[in-house]
Amino acid sequence: MGRFTEAIKHLIIVNVILFVAPQFLKLDLGQFFALYFPQNPQFGVWQYVTHMFMHGSFMHIAFNMYALWAFGTPLEQMWGKKKFLFFYFSAGLGAGAIYTLVNYYQFNGFYEQLINLGLSTSDIQNILDTGSYNDAIVTLTNGEMSQFYNLYHTPAVGASGAVYGILVAFGMM
């Protein structure tokens, strides 16, 4: 550990600025930069990169930035700035892709169940848009419907995927 290396310092600065600035400026950057489900209208392909700079709480960013500094510094010193940044962003992009694939699989499972119950695609989209549904038509439990709704609407935020990649690389070294 020790001093801040160049890449670690810049990553922490960008993360902290994007966490603190919206609170003072009353902006919701999450609606543009958090990683949404691909079929959600708020989804953008850039979110695979930008979600790594959004955090949900002070503790979320504090633990991610501490782990980035503590475990990333020796890796950057060993590998150099370019290789470290390549690895960091590869791990973050990979985590975003895995997150999307798992959510897509779960979402489609619920979607197929609703189609098999006789709901049309517009009925399902109405459920996703409003969050309300008719208990007489939908036989999924409230918990399952809530999970279906949340898969569509809840975005991923944080550098945790990239940081977990750093932790694995540190452990392997």
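If you're wondering where the values come from, they're calculated on a predicted model, not measured in any experiment. (Residues numbered from 1 in each chain as written. Predicted model: local features only at pLDDT ≥ 70, side-chain atom pairs only at ≥ 80, totals over all residues. Heavy atoms only, no water.)

A. Molecular detail of the overall build of the chain. For the chain, the count of helices and strands is eight helices and zero strands. Starting at the N terminus and ending at the C terminus, the chain contains elements arranged as α-α-α-α-α-α-α-α. Principal-axis analysis of the C-alpha atoms places the extent of the chain at approximately 60 × 40 × 25 Å. Counting the 173 residues in the chain, one finds 38% classified as buried. A sequence separation of at least 24 residues applies to 72% of the contacts in the chain between residues at least 6 apart. When the accessible surface of the chain is summed, it comes to about 9,700 Å², and 66% of that surface belongs to carbon and sulfur atoms. (Helix = DSSP H or I, 4+ residues; strand = E, 2+ residues; numbered from the N terminus. Buried < 20%, exposed > 50% of the residue type's maximum accessible area, 1.4 Å probe, protein only. Contact = heavy atoms within 4.5 Å. Areas by Shrake-Rupley, 256 points an atom, 1.4 Å probe, with all protein chains shown as cover.)

B. Structural detail: the nonpolar core. Counting residues in hydrophobic clusters, the biggest one holds 22 residues, and the most contacted among them are L68, F84 and Y88. Contributing elements (two or more residues each) for this core: α1 (6–25), α4 (58–79), α5 (81–116) and α8 (160–172). The dominant element in this core, judged by the number of residues it contributes, is α4, at eight residues. Not counting residues within four places of it along the chain, the set of residues in contact with Y88 comprises L11, N15, L68, A159, A162 and I166. Grouped together as the second largest cluster of nonpolar side chains are 14 residues, L114, I124, F148 and Y152 included. (Core = buried A, V, L, I, M, F, W, Y, C linked by side-chain atoms within 4.5 Å.)

C. Seen up close, α8. An ideal rise of 1.5 Å per residue puts 18 Å on 13 residues; α8 measures up with 18 Å between its terminal C-alpha atoms. Regarding α8, the residues found buried are A162, V163, G165, I166 and A169. Down the axis, α8 shows its buried residues gathered within 155° of arc, on one side only. Of the exposed residues in α8, those oriented more than 90 degrees away from the buried face are Y164, V168, G171 and M172. The elements touched by buried residues of α8 are α4 and α5. (Expected span 1.5 Å × (residues − 1). Arc of directions from axis to C-beta.)

D. Structural context of the side chain of T100. For T100, the location among the structural elements is in helix α5. Other than its neighbours up to four places away in sequence, T100 contacts L35, P38 and Y48.

E. Representation of the packing of α5 against helix α7 (residues 142–153). Following both chains from N to C, one finds α5 and α7 inclined at 130°, their axes separated by 10 Å at the closest point. Classified by the angle between their axes, α5 and α7 sit oblique to one another. Crossing of α5 over α7 shows left-handed handedness. Two secondary-structure elements touch here, α5 through N103, Q106, F107, F110, Y111 and L114 and α7 through E144, M145, Q147, F148, L151 and Y152. Here the residues of the contact of α5 with α7 are counted per class, giving eight nonpolar, three polar and one charged. (Axes fitted to C-alpha atoms, helices over the stretch in contact; angles between N-to-C directions. Parallel < 35°, antiparallel > 145°, perpendicular 65-115°, else oblique. Left-handed = near helix turned anticlockwise from the far one by under 90°. Nonpolar A, V, L, I, M, F, W, Y, C, P; charged D, E, K, R; others polar.)

F. Inspection of α4 at higher detail. Helix length check: α4 (22 residues) gives 30 Å between terminal C-alpha atoms against 32 Å at 1.5 Å per residue, within 8%. The largest bend in α4 amounts to roughly 40° and is located at G72, with the proline P74 lying one to four residues further along. G80 sits one or two residues past α4 and shows a positive phi near 95°. (Bend = angle between axes of the 7 residues up to and from the residue.)

G. Looking closely at the packing of aromatic side chains. Scanning all chains against the criterion turns up 15 aromatic pairs. Relative to W69, the ring of Y66 lies with its centre 5.9 Å away and its plane at 50°, an arrangement referred to as tilted. Of the two residues, Y66 and W69 both sit in helix α4, three residues apart, roughly one turn of that helix. With relative accessibility at 47%, the residue Y66 sits in the partly exposed group. The exposure class assigned to W69 is buried, which follows from its relative accessible area of 19%. An aromatic cluster of three or more residues is present, and its members are F37, Y104, F107, F110, Y111, F148 and Y152. (Phe/Tyr/Trp six-rings, centres within 6.5 Å; stacked < 30°, edge-to-face > 60°.)

H. Unusual backbone geometry, seen in detail. Positive phi, close to 55°, is recorded for K26, a residue that is not glycine. Here K26 shows up in the loop between α1 and α2 (30–33). Looking at K26, the relative accessible area reads 73%, which means it is exposed.

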